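Listed below are the residues making up each chain.
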Amino acid sequence: MGELTSDSVAELRSTILIIDDDPLTIALATKVLSQAGHTALGAVGSSEAVEMCDRHPGKIDLIMLDLVLYPPSVHLDSHNNVTPRIHGDKLLPILRLKRPLTRILLMSAMSQWTLGGRGMGHLVRQYPFLQKPLTAETLLQKTREVLGSPFPNR
């Protein structure tokens, strides 16, 4: 293993929020990122993601956002849920307002081409993109790449 530099130490201390509708994807990403020295937080859907951004006291260095968030059940009671379950493309501007200094990594099981056909092509051209299913290698490689990129990553 190479020598630790100030950049690699900072990377080891990164806090990463994983937003996905699939708990298994969150569990895999959390395990891989934690083993690599990161603090990994998980949110199953948009409401949970907004809540996590509001209540997490520290810096969030990277948000990994699934663009297509299918809710386990649709809950649109605005009195109890001010952010109904929405897809990642609608959630992204909310997250950017709440955490403007946080890097973004988009992900989806859909290809970039398919997402483009669903009106999300501008997002996958603007932000880094990770195709699912995730592997430990691609997850760590893309995470290092985004965390090491100049800010903002737009």
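Residues numbered from 1 in each chain as written. Predicted model: local features only at pLDDT ≥ 70, side-chain atom pairs only at ≥ 80, totals over all residues. Heavy atoms only, no water.

Peer 1: Please set out the overall build of the protein chain residue by residue, giving values where relevant.
Peer 2: Scanning the protein chain for helices and strands turns up seven helices and five strands. When the elements of the protein chain are put in sequence order from the N terminus, they spell out α-β-α-β-α-β-α-β-α-α-β-α. Buried residues in the protein chain amount to 44% of all 154 residues. Sequence separation of 24 or more characterises 69% of the internal contacts of the protein chain that already satisfy a separation of 6 or more. (Helix = DSSP H or I, 4+ residues; strand = E, 2+ residues; numbered from the N terminus. Buried < 20%, exposed > 50% of the residue type's maximum accessible area, 1.4 Å probe, protein only. Contact = heavy atoms within 4.5 Å.)

Peer 1: Go over the pairing of strand E1 (residues 15–19) with me, naming the residues and quoting the values.
Peer 2: With five of five residues buried, E1 is to be regarded as a mostly interior element. Judged by which residues are buried, E1 turns out to be covered on both faces: Thr15, Leu17 and Ile19 on one side and Ile16 and Ile18 on the other are all buried. Strand direction decides the pairing type here: E1 and strand E2 (residues 39–43), joined by five bridges, are parallel. Paired with Ile19 across the strands is Ala43, a residue of E2. What joins E1 to E2 is helix H2 (residues 23–35), and the crossover it makes is right-handed. (Pairing = 2+ DSSP bridges. Right-handed = clockwise from strand over helix to strand, strands pointing away.)

Peer 1: Would you mind going over the packing of helix H3 (residues 46–55) against helix H4 (residues 88–98) in detail, with residue names and values included?
Peer 2: At their nearest, the axes of H3 and H4 sit 10 Å apart, and the two run at 5° to each other. The orientation of H3 relative to H4 falls into the category roughly parallel. Contact residues: Ser46, Ala49, Val50, Cys53 and Asp54 in H3; Leu91, Ile94, Leu95 and Lys98 in H4. The class makeup of the residues in the contact of H3 with H4 is six nonpolar, one polar and two charged. (Axes fitted to C-alpha atoms, helices over the stretch in contact; angles between N-to-C directions. Parallel < 35°, antiparallel > 145°, perpendicular 65-115°, else oblique. Nonpolar A, V, L, I, M, F, W, Y, C, P; charged D, E, K, R; others polar.)

Peer 1: Give me the sheet that holds strand E5 (residues 129–131): which residues, what numbers.
Peer 2: With parallel pairing, five strands are arranged side by side in an open sheet as E2-E1-E3-E4-E5. Strand pairing shows two members of the sheet lacking a second neighbour, E2 and E5, which therefore form its edges. Each neighbouring strand pair of the sheet contributes to a mean axis angle of 20°, computed without reference to strand direction. As judged from the four bridges shared by E1 and strand E3 (residues 62–66), these two strands associate in the parallel manner. By the bridge assignment for E3, Leu17 is matched with Ile63.

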